[in-house]
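# Geometric and topological summary
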Amino acid sequence: MDSSIVLFGPPGAGKGTQAGRIVQATGKPQVSTGDMLRAAVEEGTELGRIAKGYMESGGLVPDEVIIGLIKERIKQPDASGGLLFDGFPRTIPQAEALEEIAPVSMVIAIHVEDESIVERICGRFTCASCGEVYHDVFRPCKIDSICDSCGGIEFKRRADDSEQTVRARLSAYHEQTSPLESWYESKGLLQRIDGNHSIDQVGNSISNLINE
Ligand code: AP5
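In this report, we go over the structure that sits alongside the text. What you see is a predicted model; the values in this text were computed from it and never measured.

## Notes on the state of the cysteines
Per the counting criterion, the structure on display carries zero disulfides. Not part of a disulfide, Cys130 finds its nearest cysteine sulfur in Cys147, a span of 3.7 Å. Free cysteine: Cys150, not disulfide-bonded; nearest cysteine sulfur from Cys127 at 3.6 Å.

## What about the pairing of strand β4 (residues 104-111)?
Taking burial as the measure, the eight residues of β4 include six buried ones, the bulk of the element. Examined bridge by bridge, strand β1 (residues 4-8) and β4 share five bridges and lie parallel to one another. Bridge pairing in β4 links Val6 to Val107.

## Notes on the packing of helix α6 (residues 114-122) against helix α7 (residues 163-177)
Between α6 and α7, whose axes approach to 10 Å, the crossing angle comes to 135 degrees. By the angle between their directions, the pair α6 and α7 is classed as oblique. As α6 runs across α7, the sense of the crossing is right-handed. Here Asp114, Glu115, Ile117, Val118, Ile121 and Cys122 of α6 lie close against α7, whose contacting residues are Glu163, Val166, Arg167, Arg169, Leu170 and His174. In the contact of α6 with α7, the residues fall into six nonpolar, one polar and five charged.

## Observations concerning the side chain of Glu181
Mapped onto the fold, Glu181 is located in helix α8 (residues 179-186). Looking at Glu181, the relative accessible area reads 9%, which means it is buried. Residues within four places of Glu181 in sequence aside, it is in contact with Phe8, Ala109, His111, Tyr173, Leu190 and Arg192.

## Focus: the site of the ligand
Surveying the vicinity of the ligand reveals 36 residues, the closest of which are Thr17, Gly59, Arg90, Arg124 and Arg169. Gly59 has a polar backbone atom sitting 2.6 Å from an oxygen atom of the ligand. The side chain of Arg90 places a nitrogen or oxygen atom 2.6 Å from an oxygen atom of the ligand. Within the complex, 97% of the 1,000 Å² of free accessible area of the ligand lies under protein.

Parameters and conventions
- Residues numbered from 1 in each chain as written.
- Predicted model: local features only at pLDDT ≥ 70, side-chain atom pairs only at ≥ 80, totals over all residues.
- Heavy atoms only, no water.
- Disulfide = S-S within 2.5 Å.
- Buried < 20%, exposed > 50% of the residue type's maximum accessible area, 1.4 Å probe, protein only.
- Helix = DSSP H or I, 4+ residues; strand = E, 2+ residues; numbered from the N terminus.
- Pairing = 2+ DSSP bridges.
- Axes fitted to C-alpha atoms, helices over the stretch in contact; angles between N-to-C directions.
- Parallel < 35°, antiparallel > 145°, perpendicular 65-115°, else oblique.
- Left-handed = near helix turned anticlockwise from the far one by under 90°.
- Contact = heavy atoms within 4.5 Å.
- Nonpolar A, V, L, I, M, F, W, Y, C, P; charged D, E, K, R; others polar.
- Near = heavy atom within 4 Å.
- Polar contact = N/O pair within 3.5 Å; in protein donor to acceptor, adjacent residues only side chain to side chain.
- Areas by Shrake-Rupley, 256 points an atom, 1.4 Å probe, with all protein chains shown as cover.

Set out below in structure tokens:
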């Protein structure tokens, strides 16, 4: 398996928004554990049943569940050229498990202030057809209520995007996930990006990193 990239950062930092650009530049498929878990909840699978309560409260789904999910995902043929991990790993045990099963060449950490995160997440909506990510103020549809990307007219908001849950997700991030930054830094893999700029400016910084 070729090396993978990890897209790292707090909830609402812009990982999903920027992932498309990295996929285009590198050809590595995006693997979002959040998207996989939401699909499982919607389908009502055993995984979804386990994950639902953790996600609704803003906590992290147990490591063994997530590691099992990733082990299955990397067996798929499209993983041979490496993957773009979005929202994984989120704990040191997850990172250690990843180290054993897939090489990582770069960790892109997007930094955003907590108060901006709350504002970003509470205004987020996505196209129900293609999943394109929008924001009421920062990234509205070019034509009102029509998806720029696929022309879809149905949109949805995530159940865990309330202010109360966002604050719980931020606590989980600061307590369990942020220690991973120094873990990856000590391995010489970490690249920090200032995410407190416009979507295009952040995207350009990421493109510069990837093309270095
Ligand atoms: P997950 O789906 O991974 O959510 P998250 O990490 O909380 O991140 P988000 O998807 O909320 O944010 P994002 O960084 O992708 O931001 P976006 O681009 O959408 O996880 C959900 C839950 O699943 C977790 O809470 C946990 O329970 C569970 N889970 C998932 N993975 C797990 C794991 N590995 N281990 C354990 N549990 C796990 O942008 C947000 C908004 O801001 C959008 O509206 C966007 O338009 C806007 N925006 C983006 N960039 C900018 C900008 N530069 N300026 C202004 N607005 C911007």
